[in-house]
2 protein chains.
Amino acid sequence: MFDPIQAISDFVRAPSVSTDPAFAAGMAGARDVLCKLFRDMGLTVEVCPTPLHPVVLARREGPAHWPHVVIYGHYDVQPADPLPLWTTPAFEPVIRDGRLYGRGTADNKGPQMAHIYAVAKLLEKNPGLPLRLTFLIEGEEEIGSPSLEAFLAANKERLKGDFVLLSDTMSPSADQLTITTGLRGILCLEAELTGPRTDLHSGIHGGALLNPIQALAELCASLHDADGRVNIPGYYDGVQPVLAWERAELAKLPTTREQYRKFLDISDFHTWGGMTPFEATRFQPTLEFNGIGGGYQGEGSKTVIPSKAFVKISCRLVPSMDPARIEALVVKTLKERCSPKVKIEVKCGHSGNAYRVVPPDRPDTPADQSPVLAAAFRAAEAEAVKVSGNPPIYLREGGSVPIIDTIRRTLGMDSVMLGLFTPECNLHAPDESLHLGLFAKGAAVSEAVLAAVAGMAPRTN
Amino acid sequence: MFDPIQAISDFVRAPSVSTDPAFAAGMAGARDVLCKLFRDMGLTVEVCPTPLHPVVLARREGPAHWPHVVIYGHYDVQPADPLPLWTTPAFEPVIRDGRLYGRGTADNKGPQMAHIYAVAKLLEKNPGLPLRLTFLIEGEEEIGSPSLEAFLAANKERLKGDFVLLSDTMSPSADQLTITTGLRGILCLEAELTGPRTDLHSGIHGGALLNPIQALAELCASLHDADGRVNIPGYYDGVQPVLAWERAELAKLPTTREQYRKFLDISDFHTWGGMTPFEATRFQPTLEFNGIGGGYQGEGSKTVIPSKAFVKISCRLVPSMDPARIEALVVKTLKERCSPKVKIEVKCGHSGNAYRVVPPDRPDTPADQSPVLAAAFRAAEAEAVKVSGNPPIYLREGGSVPIIDTIRRTLGMDSVMLGLFTPECNLHAPDESLHLGLFAKGAAVSEAVLAAVAGMAPRTN
């Protein structure tokens, strides 16, 4: 049996930043790590080309009456900058205080390894396990999975399974496992404002024209009201109220408001509509500025009026918000509110729907929920109690894994999402890390889920 | 006699960016070019250390009854970025269509060479010219001349002259010489806002806290009203009305409003208080955003809530505005208006007073104006008519040369400023250039001024 921490480390050492073509070798390196692992486990491995980054597909086939679990993950990672803020280099994983540090350790290389390791152990114990498995590991999650929908559609028959098992969501702490019951949708766009044809001397020309940074600041400032609500008419149209059982689950969060405030190191939260920060991040949509730039940003001063300034925006959406409608609304608002004294160009990036799944035995559990999916949820809960001492919390999460909704729409499968990173893991940020204890719990729960699902296979003699 | 264009080219090849310590060798190289030129002209050359960048001092001494002209220039330049926007490399000067392109060709290496060349020619024609000369060439103009005031105070006796001659200001076109009668003051500062302790995943945490980019946009947007007026109570206190003769001079500008608009490539100007853009840039103060930054600025998207965001601000001031008062007012306003949900740190940079000088024979010419200064103005006007076919325009300018007011305060000298760059010269911007025809006119006017001043020396036999 391979050492899973060693395997994650090898995986992290391949700098697989999907958004930047300069990291092509890192992307290939990450695929190589996966392919070797899957081949060693006896799976059938394919590296499937897409218009951008290939999908790694690893399959264990079997009779049609065996349950079929699709395990999803992504081998791409976010950029590692700002590099100077890392304690140790982003792509040189090291263990400190029970955590493995490095870009991708938590998102998503470590958590997906919990499932790979679980499968390897199960197959070692029972080579004849009555379970079909498909690992679907994409390389475009961090850029919105542009190729995956077409890939799913083209491979619909062989990818169709009972449910998807994955870990690309959060648990509130290493002691409290979470099963994620919802994800926010997302859409990304970028607005670039152009004033004068070139950067200008701010002495010679200052006072004659609208500075594009000023125009951008005024435009951005118009997008929220003083409470923090998105100030775009129609933005919240059709947003559904939150169900009581979901609020009750959220109330079990072990984190206090004050702990969360200290963790963020802010003087106060910024929520509206009476929501707690824990509710706001899960149940409300946002419009967030991810980056802004323009003019001189180096040392000292350079007294220019810049030609251009830009802002990168992402919106997190809740169920019932259509990304296309919101995108059109935001683009229209930006164009309408931007001063006509500068030019504005808006580029739309990736987008994806929000997602929601209801576990068994809830007031709104669908009557036609598949018994295999229900068994998976129940096995996860039982094993979580065993390894953690308490049942998992069922939580919606603020992050986005748009592919989860895409899978449901194209293949009709729901997802069982086991949260294997915590707020301290610094996702998308410097000093990203994986909690090794939580990883071990996750591998145990994954193994229990897969064993339970294999137990659903009809006896055939 | 040296070739002045060759000399400027050698000077530009030394990348003397004073704001960035990485350019120390370029700073030294630029001093070497100057020292060699001055030594070849027979002047006494000193490279005088200061706490930052040395001053190059080159002197022609003589009897105390000879007039003494101090010629000012600066050998430092602005950073050349954004480098990709240069047609040819910034520090490899080339001539295209009667212009010499390169960083510093117009600000200030070319224009100061007009005076160096004029002196060289005068001294070649008349080695016994009854004129004392001091070239005072500093290396910190682009960063606010932090060392020069102490240098002037420490060298007060030998630097005291009848007036200062310089060219670090603009003419509206190569056909219309300008004598600059005023400069705006300046102050620079930078505000950095800090939200959470580190960049955060905008899905997991989005909705809980105030994004520092949003706080910065809202702060910046508060600093101007819809007309473009600086929205800080007290900002305009004590600003003096513009005199009629100055408006009349400005009306002689050959540039039309439409030409200026097309030059800037903007759809419309952004002025207030009924001022034309030509008036606004000269007679009104500004508060300008020179740079903004925060979060992810690379290719594609990175869905973070950044920890920090910053803005670089510079204010251009008109006579009677005290930089210290305005700095305190802006800092106070930024701190008061910034949301308490983020931290704000304001760093103040360099500052300098505005300046105004009145030529002879104007309604407000000081009764005690020195006859040597008056003779210099009159000689400049006469020679300008000769080389250009029309008298110079007497204009205030929007840019800042804070040292001009410092010289008046410390040494009691006024300045004769001959504008030797034009709006097309792209100062502080990519593709900076020097108009070679205007350079030649400037050298002729400089020679005429210095000859006329030498003619003021009392006969001594």
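Check the entry above for the structure.
Now for a quick tour of the structure. Here the structure is a predicted model, which is why all the values come from computation and not from measurement. (Residues numbered from 1 in each chain as written. Chains lettered and ligands numbered in written order. Predicted model: local features only at pLDDT ≥ 70, side-chain atom pairs only at ≥ 80, totals over all residues. Heavy atoms only, no water.)

So, the state of the cysteines
Applying the stated rule across the entire model yields 0 disulfides over all chains. No disulfide involves A:Cys188; its sulfur sits 8.4 Å from that of A:Cys315, the nearest cysteine. Overall, the relative accessible area of 4% leaves A:Cys188 in the buried class. Not engaged in a disulfide, the cysteine B:Cys35 finds its nearest cysteine sulfur in B:Cys48; these two sulfurs lie 9.5 Å apart. (Disulfide = S-S within 2.5 Å. Buried < 20%, exposed > 50% of the residue type's maximum accessible area, 1.4 Å probe, protein only.)

A word on the packing of helix 11 (residues 371-388) of chain A against helix 13 (residues 436-454) of chain A
Residue and element names in this part refer to chain A. Where helix 11 contacts helix 13, the two axes come as close as 8 Å, and the packing angle between them is 145°. Like other packed secondary-structure pairs, helix 11 and helix 13 cross with a definite hand, here right-handed. Between helix 11, through Val372, Ala376, Ala379, Ala380, Glu383, Ala384, Val387 and Ser388, and helix 13, the contact on the second element is made entirely by Lys441, Ala444, Val445, Ala448, Val449, Ala452 and Val453. Grouping the amino acids of the contact of helix 11 with helix 13 by side-chain chemistry returns 12 nonpolar, 1 polar and 2 charged. (Axes fitted to C-alpha atoms, helices over the stretch in contact; angles between N-to-C directions. Helix = DSSP H or I, 4+ residues; strand = E, 2+ residues; numbered from the N terminus. Left-handed = near helix turned anticlockwise from the far one by under 90°. Contact = heavy atoms within 4.5 Å. Nonpolar A, V, L, I, M, F, W, Y, C, P; charged D, E, K, R; others polar.)

Some details on the pairing of strand 3 (residues 68-74) of chain A
All names here are of chain A. Within strand 3, 7 of the 7 residues are buried, which leaves it mostly tucked inside the rest of the structure. Here strand 3 runs beside strand 7 (residues 163-166); their pairing, made up of 4 bridges, is parallel. Paired with Ile71 across the two strands is Leu165, which belongs to strand 7. (Pairing = 2+ DSSP bridges.)

A closer look at the pattern of salt bridges
Scanning all chains against the criterion turns up 52 salt bridges over all chains. Here the salt bridges share partners, and the residues they tie into one network are A:Glu246, A:Arg356, A:Asp364 and A:Arg396. (Salt bridge = Lys/Arg side-chain N within 4 Å of Asp/Glu carboxyl O.)

With respect to the sheet that holds strand 4 (residues 94-96) of chain A
Residue and element names in this part refer to chain A. Reading across the sheet, the 3 strands line up as 4-5-18 and stay open at both edges, with antiparallel pairing between neighbours. Two strands lie at the open edges of the sheet, namely strand 4 and strand 18 (433-435), each paired on one side alone. Ignoring which end each strand starts from, the neighbouring axes of this sheet average 30° apart.

Remarks on helix 7 (residues 244-251) of chain B
All names here are of chain B. For helix 7, every residue scored as buried is listed here: Trp245, Glu246, Glu249 and Leu250. Down the axis, helix 7 shows its buried residues gathered within 140° of arc, on one side only. Opposite the buried face of helix 7, by more than 90 degrees, sit the exposed residues Ala244 and Ala251. (Arc of directions from axis to C-beta.)

Focus: the relation of the copies chain A and chain B
Once chain A has been moved 0.1 Å along the axis and rotated by 180°, it coincides with chain B to within an RMSD of 0.1 Å. Within this description, the copies of the chain are treated as partners about a two-fold rotation axis. Comparing interface residues between copies, 100% of those in chain A also lie at the interface in chain B; the contact surface is shared. (Least-squares fit on C-alpha atoms with pLDDT ≥ 70 in both.)

Focus on helix 8 (residues 257-264) of chain A
Helical geometry note: an α-helix holds 3.6 residues per turn, so side chains three or four residues apart project in the same direction. What helix 8 of chain A keeps buried is the set A:Tyr260, A:Phe263 and A:Leu264. For helix 8 of chain A, the angular spread of buried residues about the axis comes to 90°, placing them on one side. If you follow the buried residues of helix 8 of chain A, they end up packed against helix 9 (277-283) of chain A together with strand 10 (200-201) of chain B. Downstream of helix 8 of chain A by a residue or two, A:Asp265 has a phi angle that is positive, lying close to 60°.

Points about the sheet that holds strand 18 (residues 433-435) of chain B
All names here are of chain B. The strand order across the open sheet formed by 3 strands is 4-5-18, and the pairing between neighbours is antiparallel. Sheet topology places strand 4 (94-96) and strand 18 at the edges, where each strand pairs with a single neighbour. Adjacent strand axes in the sheet meet at a mean angle of 30°, parallel and antiparallel pairs treated alike. Strand contacts of helix 3 (residues 105-125): strand 5 (99-101) and strand 18, with the helix running at about 40° to strand 18, the strand carrying the most contacts. Sheet strands touched by helix 13 (residues 436-454): strand 4, strand 5 and strand 18. Its angle to strand 18, the strand with the most contacts, is close to 60°.

A short note on the pairing of strand 3 (residues 68-74) of chain B
Residues and elements named next belong to chain B. Burial along strand 3 is two-sided: His68, Val70, Tyr72 and His74 facing one way and Val69, Ile71 and Gly73 facing the other are all buried. In the sheet, strand 3 pairs with strand 6 (residues 132-138) via 7 bridges, with the strands oriented parallel. Directly across from His74, in strand 6, lies its bridge partner Glu138.

Details of the packing of helix 3 of chain B against helix 13 of chain B
Residues and elements named next belong to chain B. Where helix 3 meets helix 13, the closest approach of the two axes is 8 Å, and the angle between their N-to-C directions is 50°. The orientation of helix 3 with respect to helix 13, classified from their angle, is oblique. Crossing angle aside, the handedness with which helix 3 passes helix 13 is right-handed. Where helix 3 approaches helix 13, its residues Gly110, Met113, Ala114, His115, Tyr117, Ala118, Val119, Lys121, Leu122 and Lys125 are matched on the opposing element by Phe439, Gly442, Ala443, Ser446, Glu447, Leu450 and Ala451. Looking at the contact of helix 3 with helix 13, its residues break down into 10 nonpolar, 4 polar and 3 charged. (Parallel < 35°, antiparallel > 145°, perpendicular 65-115°, else oblique.)

Some remarks on the packing of aromatic side chains
For any pair of aromatic rings, the description rests on two quantities: the centre-to-centre distance and the angle between the ring planes. Residue and element names in this part refer to chain A. Scanning the entire structure with this criterion turns up 16 aromatic pairs over all chains. Here the aromatic residues Tyr235, Tyr236 and Trp272 are joined through ring pairs into a cluster of three or more. Against the face of Trp245 rests Arg362, its NZ or CZ located 5.1 Å from the ring centre. (Phe/Tyr/Trp six-rings, centres within 6.5 Å; stacked < 30°, edge-to-face > 60°. Lys NZ or Arg CZ within 6 Å of the ring centre and 35° of its normal.)

Side note on the interface of chain A and chain B
Residue-level contacts link 84 residues of chain A with 84 residues of chain B. Summed over both partners, the interface of chain A with chain B comes to about 7400 Å²; 52% of that surface belongs to carbon and sulfur atoms. Where chain A touches chain B, the interface holds 2 salt bridges. As a salt-bridge pair, A:Lys343 and B:Asp265 come within 3.9 Å of each other at their nearest N and O atoms. The dominant element in the side of chain A that touches chain B, judged by the number of residues it contributes, is strand 11 (residues 286-295) of chain A, at 9 residues. In the side of chain A that touches chain B, the residues fall into 34 nonpolar, 34 polar and 16 charged. The pairing of strand 11 of chain A with strand 11 (residues 286-295) of chain B spans 5 bridges and is antiparallel. Bridge pairing links A:Ile292 to B:Gly294 in strand 11 of chain B. (Buried area = accessible area lost by both parts, 1.4 Å probe.)

Remarks on the environment of B:Tyr394
Residue and element names in this part refer to chain B. Summarising the element assignment, Tyr394 is placed in strand 16 (residues 393-397). Under the relative-accessibility criterion, Tyr394 is labelled buried at 4%. Along the backbone, Tyr394 and Glu249 are 145 residues apart, and their C-alpha atoms lie at a distance of 6.1 Å. Setting aside chain neighbours within four positions, we find Tyr394 in contact with Ile179, Thr181, Trp245, Glu249, Pro359, Arg362, Phe377 and Glu381. A polar contact of 2.5 Å, which involves the side chain of Tyr394, links it to the side chain of Glu381. (Polar contact = N/O pair within 3.5 Å; in protein donor to acceptor, adjacent residues only side chain to side chain.)

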